[in-house]
Amino acid sequence: MAIQDPIEEGLASGWKHIDASQLSEGRTLEADVVIVGSGAGGGVAAEILTQAGLSVIIVEGGPLKSSNSFNMEERRAYPNLYHQAAGMKTKDKAIGIFQGRAVGGSTTVNWTTSIRTPEPALEFWAKEKSVTDLSRAELDPWFQKMEERLNISKWEYEPNRNNQALKTGCEKLGWDFTVIKRNVKGCWNTGYCGMGCPVNAKQSMLVTTIPSALDLGATLVSRAKVIELEHHNGKITGVKAQALDEQLKPTAIELNLKAKHYILSAGAIHTPTILMRSGTDDPHQLLGKRTFLHPTLLSGAVFSDPINAHSGAPQSIYSDEFVWRDGAAGELGYKLEVPPVHPILISSKTIGYGKSHAALMENFNQLQVTIALVRDGFHPDSQGGQVHLTDTGFALDYPLTDAFWHSARRAFASMAELQFAAGAKQVLPISEGVSYLNSWKEAKSVIADMELAPLKTVVASAHVMGGCAMGEDTKIAMVDSHGRSHYYENLSVMDGSIFPTSLGANPQLSIYGMTARNATKLAEELTASSLA
Ligand SMILES: Cc1cc2nc3c(=O)[nH]c(=O)nc-3n(C[C@H](O)[C@H](O)[C@H](O)COP(=O)(O)OP(=O)(O)OC[C@H]3O[C@@H](n4cnc5c(N)ncnc54)[C@H](O)[C@@H]3O)c2cc1C
């Protein structure tokens, strides 16, 4: 069946797209609103603002790719679609971080799990982080709007065997589990969401909000990295961007973008980095601090029959048995999920080398992998990381604290118990120095004593949040509860950087819903002021 490519069709229909790698001289562009970044926040903001009749420029550091180039090959997808070719790490290299870098941002490569913001997180923000008007009752209409827009609905098909093991383990142990809602339409169930959906079924920003904004006359500038915001007397006066070449290396060509209002949607890490580079006001030194990752632990399990965890919807079951058990501010809880298991992805996130690594990879098709995403930012000993500017860009310093390791040990035990209950022959906590465990009894005693430490224990993240927190108290927040800057009257932030803690759930739907709410309010204000 021929696959329609909405990007090729849109470009042929006359979309205003500037690929900055093809420019031979600098450009100055002007609109009502400039949006930096085209991911979950930027995409939703662009659609809502153009629908309100405002002119919009979206500037994106990554390339405009489409299903025609999503060929399901890891070796091409990671360098083309991810920051640092999917090899980004924290400063001490102890945590691997995945973030998208292409039109559509991380939504182009994410795994489609769609979960409304958990109530305990919102209650914590209201009580401890001076966030107002953001209860679940206030947010639910916005979640519903975005669920309809992005076709978010319960996955009605059989889970793949990787997810089925999570479900079976929960059933056997009487643990909570939920069937995941996904933002897909006509999904082929291939399992390659992380390499860009080859059939445009994933309702990412690349095939939904960005095309709709372009149809309404927005301008997209791709392969242009925003370097800084210019500012004067409490107002942003312009955006300076640098054109990148086809390999995303900087060129000498500069773009100047001017607007009445500016929105930063470059994602956590990058939104604070742009503000820091620009020298914008930050009297309480908050920028880049409290960056959260849901630091994630992995447990492998060998089954006697094939699991084929690369195939089928990557995530269709989760368990919240341990996330909020001790209350939001109690011990760090963890959410249980599974990842897609592709060869490069898994071999870069496992342990051993030489013969032991080869032996692990020999079991590839029999390998079930469970992950525990640790909820960071609530407990006093879980303050997240700090982004710093460096000569070459930025670094994220994220100390893994005692509270985290305590939770990690519990998480490894829960994962092993679950995997044995689901029928695993052997379980391997992904941490150096541990070998295959043959029973839950053995696992229980080995995990209680195993050494857990940075660079020995594999820790990863695909959920980057915080660093430019929202709230009404300027001592702890950079933007208000609607994402408007406390310091610049014509600046908003609409992305995952505004979360005051992590979420305890996968972030995309939280970003869609909160951005829909904030962009709608902004559009009303901007259109009212232009009429006046
Ligand atoms: C592999 C993977 C799987 C995931 N799976 C899920 C999932 O199943 N469910 C879920 O809820 N979440 C998932 N996530 C996370 C989710 O996609 C992100 O939390 C969400 O997309 C973040 O939205 P954002 O707007 O903050 O940033 P992003 O979507 O990351 O967009 C930011 C954009 O800004 C651009 N940018 C950055 N700096 C600059 C600059 N200086 N100039 C110009 N442009 C810039 C980036 O290139 C990027 O395109 C996953 C993420 C990854 C990487």
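Within each chain, residue numbers correspond to sequence positions counted from 1 in written order. The predicted nature of this model means local features are confined to residues of pLDDT at least 70 and side-chain atom pairs, given and counted, to a pLDDT of 80 or more, with totals for whole chains, interfaces and linings taken over all residues. Note: side-chain values were computed over all heavy atoms of the structure, leaving out hydrogens and water.

### Quick word on the overall build of the protein chain
Applicable threshold: What counts as a helix is a DSSP run of H or I of at least four residues, what counts as a strand is a run of E of at least two, and both are numbered from the N terminus. The globule rule used here is 2.2 Å times the number of residues to the 0.38 power, and the radius of gyration it is set against is calculated over C-alpha atoms. Three exposure classes are used, based on accessible area relative to the maximum for each residue type with a 1.4 Å probe and protein chains only: buried under 20%, partly exposed in between, and exposed over 50%. In this analysis, two residues are considered to be in contact whenever any of their non-hydrogen atoms come within 4.5 Å of each other. By the counting scheme adopted, Arg and Lys are positive, Glu and Asp are negative, and His together with the chain ends is not counted. The atom standing in for a charge is NZ when the residue is Lys, CZ when it is Arg, CG when it is Asp and CD when it is Glu.
Summing up its helical and strand segments, the protein chain has 13 helices and 24 strands in all. The globule rule puts the C-alpha radius of gyration for 532 residues at 24 Å, and the 22 Å found for the protein chain is close to it. With the C-alpha coordinates of the protein chain rotated into their principal frame, the extents come out at 70 × 55 × 45 Å. When burial is assessed residue by residue, the protein chain has 61% of its 532 residues classed as buried. Considering only contacts in the protein chain between residues 6 or more positions apart, those separated by 24 or more positions represent 76%. Side chains of the protein chain carry 48 positive and 56 negative charges; the gap between the two charge centres is 3 Å.

### Details of the packing of aromatic side chains
The condition is simple: Pairs were defined over the aromatic rings of Phe, Tyr and Trp, the Trp ring being its six-membered one, requiring ring centres within 6.5 Å. Orientation was assigned from the angle between planes: stacked under 30 degrees, edge-to-face over 60, tilted for the rest.
A full pass over the atoms with the stated rule returns nine aromatic pairs. Plain terms: the ring middles of W324 and F378 are 5.6 Å apart, the flat faces sit at 90° to each other, and that makes the pair edge-to-face. Remark: F378 occurs in the loop between β18 (367-374) and β19 (386-390) and W324 occurs in the loop between β16 (317-322) and β17 (334-337); sequence separation between them is 54 residues. Take W324 and F378: they sit in the same class, and that class is buried.

### Comments concerning the UniProt feature "domain: Glucose-methanol-choline oxidoreductase C-terminal" (unreviewed entry) in the protein chain
Rules: UniProt positions are given in the numbering used here, feature names are shortened, and annotations may be inferred rather than shown by experiment.
Residues annotated by UniProt as "domain: Glucose-methanol-choline oxidoreductase C-terminal" (unreviewed entry) correspond here to residues 381-514. Helix makes up 28% of residues 381-514 and strand makes up 16%, while its end C-alpha atoms are separated by 28 Å.

### Focus on the sheet that holds strand β7 (residues 152-154)
The condition that has to hold: Any two strands with at least two DSSP bridges between them are considered paired.
The sheet built from three strands is open, its strands ordered β6-β9-β7 with antiparallel pairing. Edge positions in the sheet fall to β6 (113-114) and β7, since each has one partner strand and no second. As paired strands, β6 and strand β9 (residues 181-183) are joined by two bridges and run antiparallel to one another. Across the sheet, residue T113 finds its bridge partner in β9, namely R182.

### Side note on the nonpolar core
Basically, it comes down to this: Take the buried Ala, Val, Leu, Ile, Met, Phe, Trp, Tyr and Cys residues and link them wherever side-chain atoms come within 4.5 Å; each set so joined is a nonpolar core.
If you look at the biggest cluster of nonpolar residues, it comprises 101 residues, and the most contacted ones within it are V34, L49, V59, W125, V221, M470 and F499. Element by element, the count of residues in this core is highest for helix α13 (residues 508-531), at nine residues. Those residues in contact with V34 that lie beyond four places of it in its chain are I57, V59, V239, L257, K258, A259, H261, Y262 and I263. Counting residues in hydrophobic clusters, the runner-up holds 64 residues, among them I269, A372, L400 and A422.

### Some remarks on the site of the ligand
Put simply, the rule is: Here a residue is considered near a molecule or strand provided that any single heavy atom belonging to it is located within 4 Å of it. A 3.5 Å cut-off defines polar contacts: any pair of N or O atoms within that distance qualifies, except that in protein one atom must be a possible hydrogen donor and the other a possible acceptor, and neighbouring residues in sequence count only when both atoms are side-chain atoms. Accessible surface area values rest on a Shrake-Rupley calculation with a 1.4 Å probe, where residue burial reflects the displayed protein chains alone.
In the vicinity of the ligand there are 40 residues, among which E60, S106, T113, V226 and Q508 approach most closely. Separating an oxygen atom of the ligand from a side-chain N or O atom of E60 is a distance of 2.6 Å. Contact distances for the ligand include 2.8 Å between a nitrogen atom and a backbone N or O atom of V226. Bound to the protein, the ligand loses 97% of the 1,000 Å² it would expose on its own.

### A closer look at the UniProt feature "domain: FAD-dependent oxidoreductase 2 FAD-binding" (unreviewed entry) in the protein chain
Listed under "domain: FAD-dependent oxidoreductase 2 FAD-binding" (unreviewed entry) in the UniProt record, and renumbered for this structure, are residues 32-70. A helix fraction of 31% and a strand fraction of 23% characterise residues 32-70, whose end C-alpha atoms lie 33 Å from each other.

### A closer look at the pairing of strand β20 (residues 393-397)
Two elements, β19 and β20, share five bridges in a ladder whose sense is antiparallel. Bridging across to β20, Q386 finds its partner in D397.

### Remarks on helix α6 (residues 161-173)
Each turn of an α-helix holds 3.6 residues, which means side chains three or four residues apart point in the same direction. In plain terms, the rule: The span you would expect from a helix comes to 1.5 Å times its residue count less one.
Taking 1.5 Å as the rise per residue, α6 with 13 residues should run 18 Å; its terminal C-alpha atoms sit 18 Å apart, in good agreement. Three or more residues of α6 are buried, namely N162, N163, A165, L166, T168, G169 and C170. Tucked inside the fold, the buried residues of α6 contact β16, β17, β18 and α11 (402-421). In the segment just after α6, G174 is the residue with positive phi, at about 70°.

### Quick look at the pairing of strand β13 (residues 250-264)
Inspection of the sheet shows strand β2 (residues 27-36) paired to β13 by nine bridges, in the parallel sense. Bridging from a neighbouring strand, T28 pairs with N256 of β13. Of the strand pairs in this sheet, strand β12 (residues 235-244) and β13 are connected by five bridges, and their pairing is antiparallel. Residue pairing in the sheet places Q242 in a bridge with E254 of β13. Taken together, β12 and the strand that follows it, β13, pair antiparallel across an intervening segment of five residues, in which L248 is found at a positive phi of about 65°.

### Details of the pattern of salt bridges
It is possible for side chains of opposite charge to pair when their charged atoms get near one another. Operational definition: Throughout this description, the term salt bridge denotes a Lys or Arg side-chain nitrogen within 4 Å of a carboxyl oxygen of Asp or Glu.
Taken as a whole and assessed by the stated rule, the structure comprises 20 salt bridges. A salt bridge links K240 to E230; the shortest N-O distance between them is 3.3 Å. With K240 in strand β12 and E230 in strand β11 (residues 224-232), the pair connects residues that are 10 residues apart, well separated along the chain. E254 is paired through a salt bridge with K240; the nearest N and O atoms lie 3.3 Å apart. Taken together, the residues span a long stretch of sequence, with E254 in strand β13 and K240 in strand β12 at a distance of 14 residues. Relative accessible area serves as the criterion here: at 38%, E254 is assigned to the partly exposed category. Salt bridges sharing partners connect three or more residues here, namely R116, R136, D140 and E147.

### Description of the packing of α11 against helix α12 (residues 440-449)
Definition in use: Axis definition: a line fitted to C-alpha atoms, over the contacting stretch in the case of helices. Angles run 0 to 180 degrees between N-to-C directions. Angle categories: roughly parallel below 35 degrees, roughly antiparallel above 145, roughly perpendicular from 65 to 115, and oblique for all the rest. Three categories are distinguished: nonpolar for Ala, Val, Leu, Ile, Met, Phe, Trp, Tyr, Cys and Pro, charged for Asp, Glu, Lys and Arg, and polar for the others, with Gly belonging to the last.
Direction vectors running N to C along α11 and α12 enclose 170°, while the axes themselves pass 10 Å from each other. Of the possible angle classes, the one that applies to α11 and α12 is roughly antiparallel. Two secondary-structure elements touch here, α11 through R409, F412, A413, A416, E417 and F420 and α12 through W440, A443, I447, A448 and D449. By residue class, the composition of the contact of α11 with α12 is eight nonpolar, no polar and three charged.

### As for the side chain of Q203
Of note, Q203 is situated in the loop between β9 and α7 (209-215). Looking at Q203, the relative accessible area reads 8%, which means it is buried. Polar side-chain contacts of Q203 include one of 3.0 Å to the backbone oxygen of A201. Contacts of Q203, omitting those with residues within four sequence positions, involve L150, N151, N183, V184, K185 and T208.

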